[in-house]
Amino acid sequence: MNVVSFESKIRDFIEQNQLLDYSKRYLVALSGGADSVCLLTLLQRFGYAIEAVHCNFHLRGDESDRDEHFCEELCKPKNIPFHRVHFDTKTYSELHHVSIEMAARQLRYNYFKELLQSIGCQSVCVAHHRDDVVETVLMNLIRGTGIHGLTGIAPKAPIPVNNRDLENNENDALFVVRPLLCVSRKEIESYLESIGQTFVTDSSNLEADVVRNKIRLNIIPQLEDILPSASENIASTSHRLLQAEYLFNEGLELYLSRAKLFADQNNKEGESSKLAGSIEGLWTYDLRELFENEYVLFTVLRPFGFQPAQIEDIFRKGIPNTGQKWLSNSYTAVVDRDVLQVFRNDDPRLACHAKEQKLPLEGLYNLGELGNFCVKKEVLGDNQDPMTLVDKSKNVACLDANLVSFPLTLRPLKEGDRFKPYGMKGTKLISDYLTDRKKTVFEKLCQLVLCDESGIIMWLVGERVDDTYAVNAHTRTILYIKKVEK
């Protein structure tokens, strides 16, 4: 191994990708294996200000403690500040219903973010190398992927966050930096041997019992038997695809900018109800724009947990009809006329999550996410005209109290529900009424109704009262029911 050549290769890679700055301090993720030991050694040799961090996941018994001790002893003579953290990875995995591998990843990066912020650093350096890129590309390829999955591993990227709705502020972003992507595992081990630097071996990496290990131990060696430069060629292709992805994303953004709907775009007929595009936690897209190109649909739905095969099936069947919906673990995508709406399955505003609530008497009722409801009566004087006392606000129902029997029931809308809208002679399906009012699917799912003791609907909450119960010229006592928005 030519030590100078190896080090120059990595220096050039750092400079070309603008990964590190001598004026800043960096964390180095140190496992004790050859890759991370090489990274720590090189960055100190290059003169960067570094601190080491070791995560003990307690997955390999005494071997885990051995690795921690090795890392601590490695840092002492080098005068490198050493941080350590212990995780109960198995318990975390069980509590959060994720794999051991995913649990370790989430624990690691959550801790990295906390530590970076506490010591005033912006980046953690990790020891992914060229072989990791090849493994990642092959793994994504056999699982099914878009262009992003074929770009392998980026030299620098924001630290992953667990919640897709959580975004880093650009000025406070924390990054993962990978200076060793230009060299192979074999080169790394040869370099450490040349400088006389020891390291530890994770025995689990030698077992072909997980997908990545099977690719590393079985598939890649067979590819290199066919063509010795196979790994290097795959890594080079991945790098070229990474460059192509920048151009690809520019075109994709044009599609997405046309597909995303906002309040002013959705209000086409002037009579539109509260607009989906303006409701927090509800994503709205132009249906036809999404179905122009499968990758646009993939880009929109994949972050919401929809699987590639599911998205492919949706696209293959063509533009869907109103009311058609699909579920992922956490989200619902539903077609509403010419738009596609996506919302969380557990959105607290959805009436389907609400239980029937009884309002037995007059008073103020705090009904949690359903809001607060105020129920009170007002007796009219002899000369008062009841029609002048009607509150026409959408969140207020004015009823003839003598026609109402307590207790009242507040409940979600049910299929087949009918009422007699104020001013109309006959009854109407509430679903048809809401459609005529141009309510979105999401708004329909949030709709509540208020019934009297007999179960007859008196008020479509926030919309209209039933004509049978409405205040009329003969009303002498008005029952006011007001929904107080949170």
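Residues numbered from 1 in each chain as written. Predicted model: local features only at pLDDT ≥ 70, side-chain atom pairs only at ≥ 80, totals over all residues. Heavy atoms only, no water.

(A) Representation of the overall build of the chain in the model. In terms of helices and strands, the chain carries 15 helices and 21 strands. Relative to the globule expectation of 23 Å for 486 residues, the C-alpha radius of gyration of the chain, 31 Å, shows a markedly less compact shape. Evaluated residue by residue, the chain yields a buried proportion of 44% over its 486 residues. Counted over contacts in the chain with a minimum sequence separation of 6, partners at least 24 positions apart contribute 68%. (Helix = DSSP H or I, 4+ residues; strand = E, 2+ residues; numbered from the N terminus. Rg over C-alpha atoms; globule rule 2.2 N^0.38 Å. Buried < 20%, exposed > 50% of the residue type's maximum accessible area, 1.4 Å probe, protein only. Contact = heavy atoms within 4.5 Å.)

(B) Local environment of the pattern of salt bridges. Enumeration according to the criterion identifies 24 salt bridges in this entry. Glu-135 is paired through a salt bridge with Arg-216; the nearest N and O atoms lie 3.0 Å apart. One end of the pair, Glu-135, is in helix H6 (residues 130-143); the other, Arg-216, is in helix H8 (residues 211-226), with 81 residues separating them in the sequence. The buried category is assigned to Glu-135, whose relative accessible area is 2%. By relative accessible area, which is 26% here, Arg-216 ends up partly exposed. (Salt bridge = Lys/Arg side-chain N within 4 Å of Asp/Glu carboxyl O.)

(C) Spotlight on unusual backbone geometry. Backbone torsion omega between Phe-406 and Pro-407 reads 5 degrees, so that peptide bond is classified as cis. For Pro-407, the location among the structural elements is in the loop between strand S14 (396-400) and strand S15 (408-412). Look at His-97: it is not a glycine, yet its phi comes out positive at around 55 degrees. Note that His-97 resides in the loop between helix H4 (89-96) and helix H5 (100-119). For His-97, a relative accessible area of 73% gives the class exposed.

(D) A look at the packing of aromatic side chains. Enumeration over the complete set of coordinates arrives at 14 aromatic pairs. Ring geometry for Tyr-109 versus Phe-112: centroids 5.7 Å apart, planes at 85 degrees, classification edge-to-face. One end of the pair is Tyr-109 and the other is Phe-112, both in helix H5 and three residues apart, which spans about a single turn. Taken together, Tyr-22, Tyr-26 and Tyr-48 form an aromatic cluster joined through their ring pairs. Geometry around Tyr-255 places Arg-258 over its ring, the cationic atom sitting 4.9 Å from the centre. A cation sits over an aromatic face here: Arg-344 above Tyr-331, 5.1 Å from the ring centre. (Phe/Tyr/Trp six-rings, centres within 6.5 Å; stacked < 30°, edge-to-face > 60°. Lys NZ or Arg CZ within 6 Å of the ring centre and 35° of its normal.)

(E) Fine view of the sheet that holds strand S19 (residues 457-460). Strand order in the open sheet made by the five strands is S11-S15-S18-S19-S20, with antiparallel pairing throughout. With partners counted over all chains shown, the strands left at the sheet margins are strand S11 (357-359) and strand S20 (464-465), one partner each. When strand S18 (residues 448-451) meets S19, the two strands line up antiparallel, connected through three bridges. Directly across from Cys-451, in S19, lies its bridge partner Ile-457. (Pairing = 2+ DSSP bridges.)

(F) Just the state of the cysteines, in detail. The tally for this structure, following the rule as stated, stands at zero disulfides. Cys-125 supplies the cysteine sulfur nearest to Cys-121, a cysteine that is in no disulfide, at a spacing of 9.4 Å. (Disulfide = S-S within 2.5 Å.)

(G) Local environment of the packing of helix H9 (residues 230-259) against helix H12 (residues 294-301). Here H9 crosses H12 at 80 degrees, and the two axes come no closer than 10 Å. As summarised for this structure, H9 and H12 are arranged roughly perpendicular, according to the angle between their axes. On H12, the residues touching Phe-248, Leu-252, Tyr-255 and Leu-256 of H9 are Tyr-295, Val-296, Thr-299 and Val-300. Considered class by class, the residues forming the contact of H9 with H12 number seven nonpolar, one polar and no charged. (Axes fitted to C-alpha atoms, helices over the stretch in contact; angles between N-to-C directions. Parallel < 35°, antiparallel > 145°, perpendicular 65-115°, else oblique. Nonpolar A, V, L, I, M, F, W, Y, C, P; charged D, E, K, R; others polar.)

(H) Highlighting the sheet that holds strand S10 (residues 339-344). Taken together, the four strands give an open sheet; going across it, the order is S7-S10-S9-S8, and neighbouring strands pair in antiparallel fashion. Two strands lie at the open edges of the sheet, namely strand S7 (282-286) and strand S8 (325-327), each paired on one side alone. Along the sheet, successive strands turn relative to each other by an average axial angle of 15 degrees, direction set aside. Here S8 runs beside strand S9 (residues 331-336); their pairing, made up of three bridges, is antiparallel. Directly across from Lys-325, in S9, lies its bridge partner Val-334.

(I) Molecular detail of the environment of Leu-460. Turning to its location among the elements, Leu-460 is positioned in strand S19. Given the relative accessible area of 0%, Leu-460 is considered buried. Here the alpha-carbon distance between Leu-460 and Leu-389, two residues 71 residues apart in the chain, equals 20 Å.

(J) Up close: the packing of H8 against H9. The contact between H8 and H9 brings their axes to 8 Å, and the two run at 105 degrees. With respect to H9, the element H8 is oriented roughly perpendicular. Counting all contacts with H8, which are made through Ile-220, Leu-223 and Glu-224, the residues of H9 involved are Ala-230, Ser-231 and Ile-234. Among the residues making up the contact of H8 with H9, the classes are represented as four nonpolar, one polar and one charged.

(K) H12, seen in detail. The set of residues buried in H12 consists of Val-296, Leu-297, Val-300 and Leu-301. Down the axis of H12, the buried set is contained in an arc of 120 degrees. They therefore lie on one face. Measuring from the side-chain oxygen of the N-cap residue of H12 to the backbone nitrogen of Tyr-295 gives 2.7 Å; that N-cap residue is Asn-293. (Arc of directions from axis to C-beta. Polar contact = N/O pair within 3.5 Å; in protein donor to acceptor, adjacent residues only side chain to side chain.)

(L) Main features of H8. In a regular helix each residue adds 1.5 Å, so 16 residues correspond to 22 Å; H8 covers 21 Å between its end C-alpha atoms and thus fits that length. Those residues of H8 that sit buried are Asn-213, Ile-215 and Ile-220. Among the structural elements, H6 and H9 are those in contact with the buried residues of H8. (Expected span 1.5 Å × (residues − 1).)

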